[in-house]
Amino acid sequence: MTSPDTQAKVYNATFWSGVSCVIMGAVGSAVLIGWILDIPALKSIFPGMATMKANTAAAFVITALTLWLVRRENISPSERRLAYVGTGLIVLIASITLIEYLTMWNSGLDQLLFRDDDISATNVFPGRMSHATAFSFLLMGLSLGFLTIPRNTVHRSQIFALAIMVVAMIALIGYLFDVEALYSFVAFSSMAVHTAVLFVIGAVGVLFARPNTTLMRVVLGSESGSIMVRNLLPAALLVPISVGWLRWFGERSGLYNTEFGIALFTLINIGVFSALIWWNGYLLNRAVVDRRHAEDSLRRSEARLIGIVDAAMDAIITIDNNQHVVMFNRAAEVMFQYASADMIGQPLERIIPQRFRETHHTLIQIFGETEVTNRRMGSLRSVSGIRANGDEFPVEASISQITTPNGKYFTVILRDITERQQAEDTLRSLNAELEQRVVERTTHLAAINKELEAFSYSVSHDLRAPLRTLNGFSQALEEDYGNQLDDEGKGYLQRIRTASRRMGQLIDDLLQLARLSRAELVTTQVNLSQLVSEISGELAQTEPERQVEWSIQTGLTAQGDKQLLLIVFRNLLGNAWKFMHKKDHAHIIFGQMAKDSELVFFVKDNGAGFNMAYVDKLFGAFQRLHANSEFEGSGIGLATVQRIIHRHGGSIWAEGVINEGATFYFTLPSLMEMND
Amino acid sequence: MTTILLVEDNADDEALTLRAFKKSNLSNEVVVTRDGEEALDYLFGHNQYQGRDTTQTPHLILLDLKLPKIDGLEVLRRIRADERTRLLPVVVLTTSSEQEDMIKSYTLGANSYIRKPVDFTQFANAIQQLGLYWLVLNQSPTH
């Protein structure tokens, strides 16, 4: 395939070929008009010079048309047929004219189109084209013919074209230096000046019609040689002509004689050509240096690129349109255990496991047909490679494509993900194991919970029965045999009864505490003020005669388990109630306040209070800060309260002053925060 | 003469209950069965109670839940399953404070559920109130 550079020149060349057709056609038509309207200027340009005959003009028009048809390399059959007609006509005209000259036969061709009445020394055979013209037309016809026939005869065409140029140049130079002998081959037949010019143009047009021949490539190419040709050819034409004309003019005007003229001519030629050659050499050198620069920087960037590719950790493989490896970087060598030299030219499939090869091949083909620049391979299925020793391994791969003038190339970048997959597999199995363990542990815990429940159930039942006996029969004893007992004896029985009652309470409290940790929180919006009011009513009912003042802040709500919060308040308020037994003016306050930028609930009483030194013991189970004789209590109440508050995510603390009262503070954070 | 069937396995509790009844001055006969099986035998005239007139049903059944052999809830179920005893008042008298037991008892058709207090005085009061209500005030459907 030709490179884009020469492609352009091809276009240009055939364009100029077309231009030459236009010129030939135009001039020919103008001359024909000159003959029709009898305008001497068109017929011979310079007055008194030879005229272009009507046949010549017509022949040029036919040449123009024929060359137009065949100037491109792909000639359609219809075009070809017409071209044959054209060339045939040209050859016919030329041949008949030449035969006329040779055999003195007048065929009538000369006067066929127009009458030529101008009989003069230069025009012995009126209307007949000169020998040279006829001969040139014969060459032209043959040249065009060789272009038309569907065989590779271009070179013959070009040789004939060159021959035409030579003949025409002879005539032109003759006109230039007024050398009659040159433009009139025979005294009575001369080629007109515009005829000669048209022949040159026509020949050039024929040559330019096939720019891909060796001959034309040198002239039209972009290599330094072609540049040189294009620089020097004009000089080769113009310099001798101008220098020659100078000499001729000088001699003709008598400035110097022939010998001087020749010497001058030679000198100037030497000078000019030397200068030209030096100049060209200079240009070529510069071009070569420039090119070497370009080559160097290209080589350096290539080296850099190769360095990058080779140093990369991922395998980078480039394949051509047939999926044969073109580049196989070092990482690929290591990954697949092939030397890069072994893989170049090999099909990519060599590194793909057998069963995937066909699918893979097809997929790359399909990808090649899309416009997508790159994509990850194997998004739908796993991709694996196979090493030289037959080991298969999983890979992560991506593919990209570029289209160059030399064709499509694909680049595949691969990463061995064996380790990663192993890690993933390990992770997955560890996860499964963990899940399993969690399930086991949950079942285990659930079982333990159930055991605990059963345990506390039987505890509650079985422990209470003997208590009832203790209590019941000591009572019975007192009732039935009390008269036989003195006060001390009755006192003993009393103690027994009290102790059993206490134990019953203890069991209940313990059970409740245990149950608390297990139970699920049933969260609702609870109206705390209302709870406190209800409990205050309950307490008032137990001892209606007691005067207690209640200050309950209204509208206080919180999120929590209503049953558990009930226990909290029963305990706190019950405590407050209990510990104010000795006070006359009892006052219990429930409210909410801001403490350290938090909202805190509090229950305050003005009862017995407690010593702050023992505040740490306050919430411990069974810890009491008062003797039972002073205030009854099992000591579990506050432990229970604390457990409940903690389960709600809140905190509880207390302040007390002996004989002045105690305040219990607690927080109940929004449970929605807790669950985050 | 009103008859009370007391189903109770604990001998102490039995003695205390009987004592309480005595103190409440309710004239009645108390039949004591010590496990679920015996209770059902009595009610339906099986085994050692063979030949008893089963139309003579007790006016009140005091049923403990934790019984050997056949458990209290099962006894309740069978009482309610049989035409002869379906409508008899059954008061569950138990130490259990489990919500579940209470719900189950009511579901199976118990008329009342009372937790035995530890304190005897309270217990005696409860029995007295019980007796007054169920034997005197309440209209029994079968008698």
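Preceding this paragraph is the structure being described.
Residues numbered from 1 in each chain as written. Chains lettered and ligands numbered in written order. Predicted model: local features only at pLDDT ≥ 70, side-chain atom pairs only at ≥ 80, totals over all residues. Heavy atoms only, no water.

(A) Quick look at the overall build of chain B. The secondary structure content of chain B amounts to 5 helices and 5 strands. Tracing chain B from N to C terminus, the helices and strands come up as β-α-β-α-β-α-β-α-β-α. Taken over 143 residues, chain B has a buried fraction of 56%. Taking all contacts inside chain B whose residues are at least 6 apart in sequence as the whole, residues at least 24 apart take part in 64%. Here chain B displays about 6700 Å² of accessible surface, and carbon together with sulfur accounts for 49% of that area. (Helix = DSSP H or I, 4+ residues; strand = E, 2+ residues; numbered from the N terminus. Buried < 20%, exposed > 50% of the residue type's maximum accessible area, 1.4 Å probe, protein only. Contact = heavy atoms within 4.5 Å. Areas by Shrake-Rupley, 256 points an atom, 1.4 Å probe, with all protein chains shown as cover.)

(B) Structural view of the overall build of chain A. Counting secondary structure elements, chain A contains 20 helices and 15 strands. Residues counted as buried form 38% of the 676 residues belonging to chain A. A fraction of 64% describes how many contacts in chain A between residues 6 or more apart in sequence connect residues 24 or more apart.

(C) Fine view of unusual backbone geometry. A positive phi angle is found at Asn 659 of chain A, which is not glycine, with a value near 70°. Tracing the chain through its elements places Asn 659 of chain A in the loop between β14 (652–657) and β15 (661–666). For Asn 659 of chain A, a relative accessible area of 54% gives the class exposed. One non-glycine residue, Asn 47 of chain B, lies in positive phi territory at about 45°. With respect to the helices, strands and loops of the structure, Asn 47 of chain B is situated in the loop between α2 (36–44) and β3 (60–63). For Asn 47 of chain B, a relative accessible area of 51% puts it in the exposed group.

(D) A nonpolar patch on the surface, seen in detail. A grouping of Ile 33, Ile 36, Leu 37 and Ile 39 of chain A is seen on the molecular surface, where their side chains present a nonpolar patch of about 370 Å² in accessible area. One can find Ile 33 of chain A in helix α1 (residues 4–37). (Patch = residues over 30% accessible without salt bridge, like charges linked within 9 Å, V, L, I, M, F, W, Y side chains within 5 Å. Salt bridge = Lys/Arg side-chain N within 4 Å of Asp/Glu carboxyl O.)

(E) The pattern of salt bridges, seen in detail. What the rule picks out here adds up to 28 salt bridges over all chains. The partner of Asp 13 of chain B in a salt bridge is Arg 468 of chain A, with the nearest N and O atoms 2.6 Å apart. Note that Asp 13 of chain B is positioned in helix α1 (residues 11–23) and Arg 468 of chain A in helix α15 (residues 418–481), a pairing that runs across two chains. One exposure class covers both Asp 13 of chain B and Arg 468 of chain A, and it is buried.

(F) The packing of helix α17 (residues 528–542) of chain A against helix α18 (residues 562–579) of chain A, seen in detail. Residue and element names in this part refer to chain A. The interhelical angle for the contact between α17 and α18, taken along N-to-C directions, is 50°, at an axis separation of 10 Å. If you check the angle between α17 and α18, you find them oblique. In the packing of α17 onto α18, the handedness of the crossing is right-handed. Note on element contacts: α18 touches α17 through Lys 562, Leu 565, Leu 566, Phe 569, Arg 570, Leu 573, Gly 574 and Trp 577, opposite Leu 528, Leu 531, Val 532, Ile 535, Glu 538, Leu 539, Ala 540 and Thr 542. (Axes fitted to C-alpha atoms, helices over the stretch in contact; angles between N-to-C directions. Parallel < 35°, antiparallel > 145°, perpendicular 65-115°, else oblique. Left-handed = near helix turned anticlockwise from the far one by under 90°.)

(G) Structural view of the interface of chain B and chain A. Each partner contributes residues to the interface: chain B has 21 residues there, and chain A has 20 residues. With both chains or domains summed, chain B and chain A bury close to 1900 Å², and 49% of this area falls on carbon and sulfur atoms. On the chain B side of the contact with chain A, Arg 19, Thr 95 and Val 118 of chain B bury the most area, a combined 31% of that side's loss. Where chain B meets chain A, there are 4 salt bridges. (Buried area = accessible area lost by both parts, 1.4 Å probe.)

(H) Structural detail: the nonpolar core. All names here are of chain A. Ranked by size, the top nonpolar core spans 48 residues in total, and within it Leu 67, Phe 137, Leu 144 and Phe 199 carry the most contacts. Secondary-structure elements contributing two or more residues to this core are α1, α3 (54–70), α4 (77–103), α5 (131–148), α6 (154–176), α8 (193–208) and α9 (214–220). Beyond its immediate sequence surroundings of up to four residues, Phe 199 is in contact with Phe 60, Thr 133, Ser 136, Phe 137, Met 140, Ile 164, Ala 168 and Met 191. Listed in part, the 41 residues of the second largest apolar core include Ala 558, Leu 618, Val 641 and Phe 666. (Core = buried A, V, L, I, M, F, W, Y, C linked by side-chain atoms within 4.5 Å.)

(I) Local environment of the sheet that holds β14 of chain A. Residue and element names in this part refer to chain A. Taken in spatial order, the 5 strands make up an open sheet running β10-β12-β13-β15-β14, and their pairing is mixed. Of all strands in the sheet, those with a lone pairing partner are β10 (548–552) and β14, marking the two edges. With direction set aside, neighbouring strand axes in the sheet form an average angle of 20°. (Pairing = 2+ DSSP bridges.)

(J) Up close: the packing of α3 of chain A against α4 of chain A. Residues and elements named next belong to chain A. The N-to-C vectors of α3 and α4 enclose an angle of 150°; their axes lie 9 Å apart at closest approach. Here α4 runs roughly antiparallel to α3, going by the angle between their axes. Relative to α4, the crossing made by α3 is left-handed. Listed contacts from α4 to Ala 59, Ile 62, Thr 63, Thr 66, Leu 69 and Val 70 of α3 are Glu 79, Leu 82, Ala 83, Gly 86, Thr 87, Leu 89, Ile 90 and Ile 93. Partitioned by chemical class, the residues of the contact of α3 with α4 number 9 nonpolar, 4 polar and 1 charged. (Nonpolar A, V, L, I, M, F, W, Y, C, P; charged D, E, K, R; others polar.)

(K) Quick look at the environment of Pro 466 of chain A. Residues and elements named next belong to chain A. When you line up the elements, Pro 466 lands in helix α15. What makes Pro 466 partly exposed here is its relative accessible area of 45%. Linking Pro 466 and Ser 500, residues 34 residues apart in sequence, is a C-alpha distance of 9.1 Å.

(L) The pairing of strand β7 (residues 392–404) of chain A, seen in detail. Residues and elements named next belong to chain A. Bridge count for strand β5 (residues 374–377) against β7 is 4 bridges, and the pairing is antiparallel. Looking at β7, one finds that Met 377 is bridged to Ala 397. Pairing geometry for β7 and strand β8 (residues 407–416), over 10 bridges, is antiparallel. Across the sheet, Glu 396 pairs through a bridge with Arg 415, a residue of β8. Here β7 folds back onto β8 in antiparallel fashion, the turn holding 2 residues.

(M) Quick look at the sheet that holds strand β2 (residues 28–33) of chain B. All names here are of chain B. Strand order in the open sheet formed by 5 strands is β2-β1-β3-β4-β5, with parallel pairing between adjacent strands. Only two strands of the sheet have a single neighbouring strand rather than two, namely β2 and β5 (112–115). Recorded for the sheet is a direction-independent mean angle of 20° between the axes of neighbouring strands. As defined by bridge partners, strand β1 (residues 2–7) adjoins β3 across 4 bridges and the pair is classed as parallel. When the bridges of β3 are listed, Leu 6 appears paired with Leu 62.

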